[in-house]
Amino acid sequence: MAKPVMKKKKRVSKKSKLSWRKHVNINDVEEFLEDQRLEERLGPPLETLTDDQLFKVDVEPSKQTVSSKERKRKRFLEPPRCFAVLQPHTKVPDPIRKRNRVRTKEERKNDLIKKKEAENRAKGIWKHRELQAIRDQKVNEERKQNDPKRGEFVQNIWDADDQLTENNGWFSKNTVKHNLAGTGKIRKTVKDLKKIKSSVLPTIEMPHPGMSYNPSYDDHQDLLKTVAEKEMKIIKEEEHLNRVTRDMFSKVTAKKRDSMWLQEMSQGLQSASTNDNDNESDSEYKALNPPTKNKKKTLQQRRKQQEQMQLELLKRAAKLSKKKISDIHQLKTLNKQIDKTESKAKILRERRLKNLLLKKKEPKRLSAIKFEETELDFNMGPDITGNLRSLKKEGNLLTERFKSLQKRNVIEPSVRRRRKKSKVKVYTKPGHKEDWITTVAR
Amino acid sequence: MVAKRKKKYASGEGAHFMTRKAALKKLQLSLNDFRRLCILKGIYPREPRNRKRAQKGQAGIKTLYHVKDIQFLMHEPIIWRLRDYKIFNKKVGRARAVKDFESLKKYLNNHPTLKLDHIVKERYPTFLDALRDLDDCLTLCFLFSTFPSIAHVPRDQSALCRRLTIEFLHAVIEAKALRKVFVSIKGYYYQAEIKGETITWIVPHHFSFEPQSRAEVDFKLMSTFVEFYTVMLGFINFRLYHSLNLFYPPKFSVVSQNDDEKSIVDEEVFVSERVAALNFPVSKTSSGEEEEEVEIDTFSTEDTPEKIEEAKIEAEKIKNLKGLFKGLKFFINREVPREPLVFIIRCFGGEVSWDKLLFVGASFDENDESVTHQIADRPSMDKQFISRYYIQPQWVFDSVNARQLLPVNKYFMGEVLPPHLSPFIDKSRDQQYIPPEEKALYDPEALEELHKKQETDDESEEEEQEDEKLEAEDSEKVDEDEEDTEDEEEEEEGESTKKKKLKVTPGEVYKEVPWEKSKQERQEYKLREKLVKNKHRKLYKSMMAGRQQRAKEIWLLRKKRRLHEEKQKEERKKKKKVEKQTT
């Protein structure tokens, strides 16, 4: 058996870049180049340098300690650290010897023009643009000074002379219009906002006397009673809702529920046993709706029908005339009936009016969310200490004000909307994928 | 040609209302800007009569506005400023994002500002209109003045509120306009009368700031209200100060100029400075007398003489109230909340001071002999002066509400205080039950009666106790004594009646039956009742029935009270008995 022996190939194909890389050893060349580059970057190796180049004789005396102020000043004179980036960080010379640079506007100017401008400025002659800039600055500063500042009140806005033009009963509309024609004062017609009050409720509701920090017994009891009544109402409502919803359904076990579900869902499906029976009995096709038959009435039948109808009409007319005669005798009862309905309507009208007045005190429906009143603030009996020092504060004034505004229909009741956080799909851009090593540069 | 078909909702209720969304579109504003504009201009959402038609057939409940209201808003120049804000925010945001700090600084220095003066003028054409709507403004400003800087509230807002409220309090002090005070568990209720308008406001108790959940209250919204109200209050202050011959803005020597820094450093220092500011009179522009007291005309076309008389009495009372604490010197102990007390006492002409070492602004020392009242809220004190009363703070509040200096004995240090009653209850409620304590508040006679009653109660209790002591010795004798006293009383009564009879008999010309007059009156009354028009008969009947019912209620409550008191008395007795037995 001839053992396959791996022979070293004498010649290899160097057709492609890949095969070149594989079979040609260029390490020595690369090392040399690397050394050279390093030398360029850092300067020549230390062995090649002379002593003079390496060392320096310290002639100056060692510096005394500098104060922090001086240090700061010195640091201030140094170029800012941000410019360090602009300095070259290698010793490699710029490959382009004559690099172009755009000169600044000032550098580009002709010397003659520069000289002329300097002369003009010394004389006090300014360019139009510069003058404009100065003027603008002044105007801007003035405007800024005249701008309203928060919390500065320097005038009486309800001035007397203003009343001459507006809301003055002494002048007719036309007089004012005529006399103010040239003044440039436009007569503004403003809606009488104060007339439209959003609610009949007072701005600040007077506190219940039981809310005093040291209430009398009766007042406190009265307050507690009202609070308790409100609470009872809520509890009752809740109980009612539970009774009407939750308690109406009987509870079943999970197993029974499943079986019930199965039973319910299989309702109407033909079971195997009934199916068989149907097949046996049904032999021929039977339509669900039998076809109609066009059965005509005879002439005699038609005549009789007509006669019956006539008779019916006559009978009805006779009955009506009879009723008319009897109604004359029944005038009294009819009158009574009318009175009754009228009185009923009156009662209803009154009730409606009353309800309307009551409704005025309730908050209007201004948005999809219903207004909810806050609970009354109260101290329980043991909390009342009777002195100012150990008083227990109750209720939040800000909430109360907010709710009061809602109650008076100034703002609509609302809930804070939470912005839904959108789902973000995270993925890496194809260019940033880590697999470039395997795909691009093998 | 057929006439053009009328479109639905082109007229009628459908054309009068606009949903909020439509309004936003029309005004080209964001929701936040729109809400702000509505609050500033005083435009409120409306409730339509027929919602379905007003919403143009859309289902659900939407916030609706009047079309006219929105058109009114459209003419408002402030809208342009709001748009400027939008642009400003965009520019600033961009500059910050690209780190263009030069332009950022430029923009921030040139920020647009809202000027609300004309809106105040427009919403309140006269000064009185503004005063009428001051309740909300004051309450919110006082509330915000207690706030630290929070998100959604401009940083300088609470400082501004503090300044304006202090200024307002000074105006009230100078005008002596305060009328009523009520200390509730929620805060202090004040009622003042300025230019004939009754203004009520609430000041929260001075405790530490309690954080608020954002779910409950929309801070941004409330701060917009405050933004408008600060401007309004500023102009009102300006006008008030000028009408009172005072310099505006007032300068307080104790308050350092930039109070922002102070409030950040130490809240306590700030509060004490604020109180100290209240203790000094503000400078006047001229020494001339203020508005003279208005005399009530004797000739009035409409009012009856009784009403005029009533008004006169009321005016006299108010005049007295204005100088209630004049000549009194109060010293406030450190445990008492100073701000309300200083304000109230200064309002009625009193002088106040406090411990010099603890807080700034004290005007005299505790050792000053001329101090008439020292307000303390502790059970006892080691060092006490004989020359002054040591009272609890409630005396001040109750005296103001009673419009006279109440007797101090019930308010001494360590006493159990009488209840603090609300002054905001209609005093003319003759058809309601009024507890005796409250009656005493308004009627000095009743107060004396109450005192007497209590004293007699105590005495009788003591007597009874003594009786019980003596009982073992000889019970019969005591009984006799009691009977004797009763007999004497009866005799006295009998004498008085006899005297009256004697007086009448000699000049008897015709015999007047005593009940005849009342009988006749009753008959006349019934006749008058018959004269009531048919139209008003039912109303009259229901009125009378109501009156009767209320009278019955009063009677019932009185009875309850009596029974309650009797029961309590018995209990007390029992307690004492038990105590005695144990000892």
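Thresholds, definitions, all that
Residues numbered from 1 in each chain as written. Chains lettered and ligands numbered in written order. Predicted model: local features only at pLDDT ≥ 70, side-chain atom pairs only at ≥ 80, totals over all residues. Heavy atoms only, no water. pLDDT = per-residue confidence, 0-100. Helix = DSSP H or I, 4+ residues; strand = E, 2+ residues; numbered from the N terminus. Buried < 20%, exposed > 50% of the residue type's maximum accessible area, 1.4 Å probe, protein only. Pairing = 2+ DSSP bridges. Patch = residues over 30% accessible without salt bridge, like charges linked within 9 Å, V, L, I, M, F, W, Y side chains within 5 Å. Areas by Shrake-Rupley, 256 points an atom, 1.4 Å probe, with all protein chains shown as cover. Salt bridge = Lys/Arg side-chain N within 4 Å of Asp/Glu carboxyl O. Lys, Arg positive; Asp, Glu negative; His and termini not counted. Charge placed at Lys NZ, Arg CZ, Asp CG, Glu CD. Contact = heavy atoms within 4.5 Å. Buried area = accessible area lost by both parts, 1.4 Å probe. Polar contact = N/O pair within 3.5 Å; in protein donor to acceptor, adjacent residues only side chain to side chain. Nonpolar A, V, L, I, M, F, W, Y, C, P; charged D, E, K, R; others polar. Axes fitted to C-alpha atoms, helices over the stretch in contact; angles between N-to-C directions. Parallel < 35°, antiparallel > 145°, perpendicular 65-115°, else oblique.

S.K.: Explanation requested: the confidence of the model for chain A in the structure shown.
M.R.: Fine structural detail should not be taken from predicted coordinates in areas where pLDDT scores are low. For chain A, per-residue confidence averages 84 on the pLDDT scale, and residues scoring 70 or more make up 85% of the total. Mean pLDDT across the elements of chain A ranges from a minimum in helix H11 (residues 272-281) of chain A, with 54, to a maximum in helix H12 (residues 299-329) of chain A, with 95.

S.K.: Sorry, what's going on with the pairing of strand S3 (residues 178-183) of chain B here?
M.R.: For a regular strand, side chains alternate in direction, first toward one face of the sheet and then toward the other. All names here are of chain B. In terms of residue burial, S3 counts as a mostly covered element, since 6 of its 6 residues are buried. The pairing of S3 with strand S4 (residues 187-194) spans 5 bridges and is antiparallel. By the bridge assignment, phenylalanine 182 is partnered in S4 with tyrosine 189. Hairpin geometry of S3 and S4 is characterised by an intervening segment of 3 residues between the two adjacent antiparallel strands.

S.K.: Help me understand a negative patch on the surface, please; the structure alone is not making it clear to me.
M.R.: The grouping of Asp28, Glu31, Asp35, Glu39 and Glu40 of chain A at the surface amounts to a negative patch. Take glutamate 39 of chain A: it is sitting in helix H2 (residues 27-42).

S.K.: Help me out: how do you make sense of the interface of chain B and chain A in this one?
M.R.: By a widely used convention, the size of an interface equals the accessible area lost when the partners come together. Facing 99 residues of chain B, the contacting portion of chain A comprises 68 residues. For the pairing of chain B and chain A, the buried interface totals around 7300 Å² over both sides, and the portion due to carbon and sulfur atoms is 63%. For the chain B face of the interface with chain A, the top three residues by lost area are Ile185, Lys186 and Phe235 of chain B, together amounting to 11%. Run the count over chain B and chain A and you get 8 salt bridges. A salt bridge links aspartate 218 of chain A to arginine 561 of chain B, with the nearest nitrogen and oxygen atoms 3.1 Å apart. Linking chain B with chain A are 24 residue pairs in polar contact (both at pLDDT 80 or more). Here the residues of the side of chain B that touches chain A sort into 51 nonpolar, 20 polar and 28 charged.

S.K.: So what exactly am I meant to see when it comes to the packing of helix H21 (residues 514-530) of chain B against helix H22 (residues 534-582) of chain B here?
M.R.: When two helices pack together, their arrangement is given by the angle between their axes and by how far apart the axes lie. Residues and elements named next belong to chain B. Closest axis-to-axis distance for the H21/H22 pair is 11 Å, and the angle between their directions is 135 degrees. In terms of orientation, H21 and H22 fall into the oblique class. Every residue of H22 that contacts H21 at Tyr525, Glu529 and Lys530 is listed here: Arg537, Tyr540 and Met544. For the contact of H21 with H22, the per-class residue count stands at 3 nonpolar, no polar and 3 charged.

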